[in-house]
There are 2 protein chains.
Amino acid sequence: MPYSYEYPRPALSVDCVVFAVDLDLKVLLIERGLEPFLGSWALPGGFVGMRETTDVAALRELEEETGLANVFLEQLYTFSDVERDPRERVVSVAYYALVKPALVTGGTDASQARWFSVNDLPELAFDHSAILGVALERLRAKVRYQPIGFELLPGKFTLGQLQRLYESILGRELDKRNFRRAFLRMSILEELDEMEAGVSHRPSRLYRFHRAAYKRLVKQGFNFEI
Amino acid sequence: MPYSYEYPRPALSVDCVVFAVDLDLKVLLIERGLEPFLGSWALPGGFVGMRETTDVAALRELEEETGLANVFLEQLYTFSDVERDPRERVVSVAYYALVKPALVTGGTDASQARWFSVNDLPELAFDHSAILGVALERLRAKVRYQPIGFELLPGKFTLGQLQRLYESILGRELDKRNFRRAFLRMSILEELDEMEAGVSHRPSRLYRFHRAAYKRLVKQGFNFEI
DNA sequence: CCAAAAGTGTTGAAACTACACCCATGG
DNA sequence: CCATGGGTGTAGTTTCAACACTTTTGG
């Protein structure tokens with residue numbers, strides 16, 4: 001006899017802000033096929049089932065609506081304004097996802113999804129602009145003190161790519177020598193015996209994020225920081 | 001005709017982790033008067049109404065259950081494990097609150113609330129131990145890069161109090177000279193023409209957090225960090 | 001040979017760590 | 001006069017910011 005049964009409940013949904021870096025920072029949006037906001041762009045998302053956590057719901061909706069799977073996903077914030085959905089009361093648990101470049105082109109099959117540069121966004125349905133704003137803020141803050149940037153790069157990458165990634169997220173240029181020194185000093189990058197190929201300039205050495213080394217350092221009290 | 005009407009919904013609740021510093025870091029808990037977990041200690045919280053945001057619900061529940069009002073409150077995380085409540089599916093938006101010392105003694109009138117040191121906690125109902133753990137982790141991280149520590153001190157405080165606050169949250173000792181230098185260098189403290197009184201040692205100068213100065217600095221790109 | 005990005009060192013300023021003694025008050 | 005916390009300076013080390021030229025490749 002749970003006493004909450006007697007009361008009406010808000011509906012519960014999830015929304016996902018999916019980031020990728022192509023040349024600059026991009027977000028994946030869906031064109032709505034239903035009222036309200038029919039034809040508007042919106043974040044992928046949907047309602048939470050009775051037998052799934054919100055994490056699982058977010059992954060499920062992401063795959064259903066965009067075909068993306070195996071992405072980095074983290075809870076962002078819960079949005080609960082009473083009027084945020086014109087139909088009825090809906091509380092939404094927002095997530096942000098980070099997607100590697102390989103999935104950007106191949107991943108979003110036959111759907112009505114499209115990547116938009118964060119510097120050139122359309123108007124969004126519901127309060128999705130606000131959600132996206134919070135996600136951007138979080139990404140910009142978090143990339144500086146957690147090594148999540150690697151989730152937006154291929155497994156093997158050059159220091160140039162890594163630097164351009166940081167520049168596109170932080171929105172400002174960084175000094176090449178200082179950037180390299182800072183990253184290499186941390187010793188969380190594995191230097192590979194492999195070079196970039198097929199580029200019309202001096203090829204760059206490839207690196208890989210050394211997750212085990214990072215975890216070891218964290219245990220010793222190390223703090224990632226850029 | 002919102003399509004979500006057709007589906008059952010999880011219940012939605014809020015839970016609050018209320019922190020204060022007395023001698024060490026403390027958390028406010030409630031002794032449950034209802035099944036399940038009757039007699040256990042639990043976080044203050046309750047169900048979210050149809051016409052209130054989760055923020056408002058958290059403040060309301062906090063006042064109803066503990067008498068506390070005018071506290072610093074921030075959303076923590078949303079917990080949605082399917083089995084987290086044995087009665088039925090309940091998704092809970094967790095908050096953490098920071099309370100100034102004056103409210104610790106006076107605030108919690110006639111209720112079954114009690115402060116516990118975080119180093120000596122009882123077993124908690126539901127998944128409240130996990131929520132508390134996340135809150136502690138967040139507080140420890142956040143106190144280092146946002147000036148929220150002041151929410152746990154009186155308006156006027158000594159540098160000694162401030163240092164002991166940081167020591168009790170971070171759980172380690174800090175060097176007095178370095179700590180003072182670091183804080184004073186930021187110039188976000190207003191030095192008052194007023195001394196501590198009634199102590200049986202050399203009285204300390206009082207300071208106040210200078211919120212306006214802090215905001216000005218943030219606009220210029222300043223990053224608080226301890 | 002041109003264009004394009006890779007790669008590399010130094011210097012001065014600022015911040016960080018570790019550390020020990022005297023001061024003012026109440027009891 | 002004792003106990004208690006308040007208050008202060010320095011030296012060595014590390015980190016940070018700013019800055020320019022040579023190298024290697026493809027076309």
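None of the values given here were measured: they were computed from a predicted structure. (Residues numbered from 1 in each chain as written. Chains lettered and ligands numbered in written order. Predicted model: local features only at pLDDT ≥ 70, side-chain atom pairs only at ≥ 80, totals over all residues. Heavy atoms only, no water.)

A.B. asks: Teacher, can you tell me more about the protein's contact with DNA strand C here?
C.D. replies: Taken together, 21 residues form the shell around DNA strand C, and within it A:Lys176, A:Arg180, A:Arg205, B:Arg185 and B:Val199 come nearest. Here, DNA strand C places atoms within 4 Å of the protein, and 40% of those atoms are sugar or phosphate. Contacts to DNA strand C include A:Arg177, whose side-chain N or O atom sits 3.5 Å from a base oxygen. Between DNA strand C and B:Asp175, the relevant distance is 3.5 Å, taken from a base nitrogen to a side-chain nitrogen or oxygen of the residue. Those elements giving two or more residues to the surface near DNA strand C turn out to be α5 (176-186) of chain A together with α5 (176-186) of chain B. Considering only residue class, the surface near DNA strand C consists of 3 nonpolar, 7 polar and 11 charged. (Near = heavy atom within 4 Å. Polar contact = N/O pair within 3.5 Å; in protein donor to acceptor, adjacent residues only side chain to side chain. Helix = DSSP H or I, 4+ residues; strand = E, 2+ residues; numbered from the N terminus. Nonpolar A, V, L, I, M, F, W, Y, C, P; charged D, E, K, R; others polar.)

A.B. asks: Sorry, what's going on with the packing of aromatic side chains here?
C.D. replies: Here the distance between the centres and the angle between the planes together describe a pair of aromatic rings. All chains considered together, the criterion is met by 27 aromatic pairs over all chains. Between A:Phe72 and A:Tyr96, the aromatic rings sit 6.3 Å apart at their centres with planes inclined by 55°, giving tilted as the arrangement. Of this pair, A:Phe72 sits in strand β5 (residues 72-79) while A:Tyr96 sits in strand β6 (residues 90-98), and the two are 24 residues apart along the sequence. The class of A:Phe72 is buried, set by a relative accessible area of 18%. In this structure A:Tyr96 comes out as buried when scored by relative accessible area, which is 0%. Note on B:Phe37 and B:Phe126: the rings are 4.8 Å apart at their centroids and 55° apart in plane angle, and the pair reads as tilted. With B:Phe37 in the loop between β2 (25-31) and β3 (41-42) and B:Phe126 in the loop between β7 (113-117) and α3 (128-145), the pair connects residues that are 89 residues apart, well separated along the chain. Through successive ring pairs, a cluster of aromatic residues spans A:Phe150, A:Phe157, A:Tyr166, A:Phe179, A:Phe183, A:Phe209, A:Tyr214, A:Phe222 and A:Phe224. (Phe/Tyr/Trp six-rings, centres within 6.5 Å; stacked < 30°, edge-to-face > 60°. Buried < 20%, exposed > 50% of the residue type's maximum accessible area, 1.4 Å probe, protein only.)

A.B. asks: What should I look at first to understand the interface of chain B and chain A in this one?
C.D. replies: The partner chain A presents 34 residues to the 34 residues of chain B that form the contact. Around 3000 Å² of area is buried between chain B and chain A when both sides are counted, 55% of it from carbon and sulfur atoms. Run the count over chain B and chain A and you get 2 salt bridges. In this structure, B:Arg9 and A:Glu88 form a salt bridge, with 2.6 Å as the shortest nitrogen-oxygen distance. Here chain B and chain A share 14 residue pairs in polar contact (both at pLDDT 80 or more) between them. (Contact = heavy atoms within 4.5 Å. Buried area = accessible area lost by both parts, 1.4 Å probe. Salt bridge = Lys/Arg side-chain N within 4 Å of Asp/Glu carboxyl O.)

A.B. asks: Mind showing me how you'd approach the packing of α3(B) against helix α4 (residues 159-170) of chain B here?
C.D. replies: Packed helices, taken two at a time, are described by the angle between their axes plus the distance between the axes. Residues and elements named next belong to chain B. The geometry of α3 relative to α4 is characterised by a closest axis approach of 9 Å and an angle of 145° between their N-to-C directions. α3 and α4 meet at a crossing whose hand is left-handed. Here α3 contributes Leu 139, Arg 140, Val 143 and Arg 144 to the contact with α4, which in turn contributes Tyr 166, Ile 169 and Leu 170. Here the contact of α3 with α4 is built from residues that sort into 5 nonpolar, no polar and 2 charged. (Axes fitted to C-alpha atoms, helices over the stretch in contact; angles between N-to-C directions. Left-handed = near helix turned anticlockwise from the far one by under 90°.)

A.B. asks: I'm lost on the pattern of salt bridges in this one. Help?
C.D. replies: Two side chains that carry opposite charge are able to pair once their charged atoms sit near each other. Applying the stated rule across the entire model yields 26 salt bridges over all chains. Here A:Arg205 and A:Glu191 are joined by a salt bridge, their closest N and O atoms 3.4 Å apart. With A:Arg205 in strand β10 (residues 205-209) and A:Glu191 in strand β9 (residues 189-195), the pair connects residues that are 14 residues apart, well separated along the chain. For A:Arg205, a relative accessible area of 26% corresponds to the partly exposed category. A salt bridge links B:Arg211 to B:Glu151, with the nearest nitrogen and oxygen atoms 3.6 Å apart.

A.B. asks: I keep staring at the relation of the copies chain B and chain A and nothing clicks. Help me out?
C.D. replies: Note on the chain copies: they are related by a rotation about an axis and a translation along it. Each copy superposes on the other: chain B lies on chain A with an RMSD of 0.0 Å after a rotation of 180° and an axial shift of 0.0 Å. One copy is carried onto the other by what is essentially a two-fold rotation axis. Both copies share a contact surface, since 100% of the interface residues of chain B are interface residues in chain A too. (Least-squares fit on C-alpha atoms with pLDDT ≥ 70 in both.)

A.B. asks: Explanation requested: the protein's contact with DNA strand D in the structure shown.
C.D. replies: Lining the immediate surroundings of DNA strand D are 21 residues, of which A:Arg202, B:Lys176, B:Arg180, B:His201 and B:Arg205 lie closest. If you look at DNA strand D and keep only atoms within 4 Å of the protein, 36% of those are sugar or phosphate atoms. In this structure, a base oxygen belonging to DNA strand D sits 3.3 Å away from a side-chain N or O atom of B:Arg181. The separation between a phosphate oxygen of DNA strand D and a polar side-chain atom of B:Ser204 is 3.0 Å. Taken together, the elements giving at least two residues each to the surface near DNA strand D come down to α5 of chain A together with α5 of chain B. The class makeup of the residues in the surface near DNA strand D is 3 nonpolar, 7 polar and 11 charged.

A.B. asks: Looking at this structure, I do not really get the layout of surface pockets. What am I missing?
C.D. replies: Left-over empty space is what a probe sized like a water molecule reveals as it rolls over the atoms. If you add up the space inside the largest pocket, you get close to 2300 Å³. Lining the largest pocket are 46 residues, with A:Ala141, A:Lys142, A:Tyr145, B:Ala141 and B:Tyr145 sitting closest to its centre. The set of elements that each furnish at least two residues to the lining of the largest pocket consists of β5, α3 (128-145) and α6 (211-219) of chain A together with β5 (72-79), α3 and α6 (211-219) of chain B. (1 Å grid on protein atoms, 1.4 Å probe; cavity = no way out; pocket = protein on both sides within 12 Å on 5 of 7 lines; lining within 4 Å. Points joined across faces, edges and corners; volume = space filled by probe spheres on them.)

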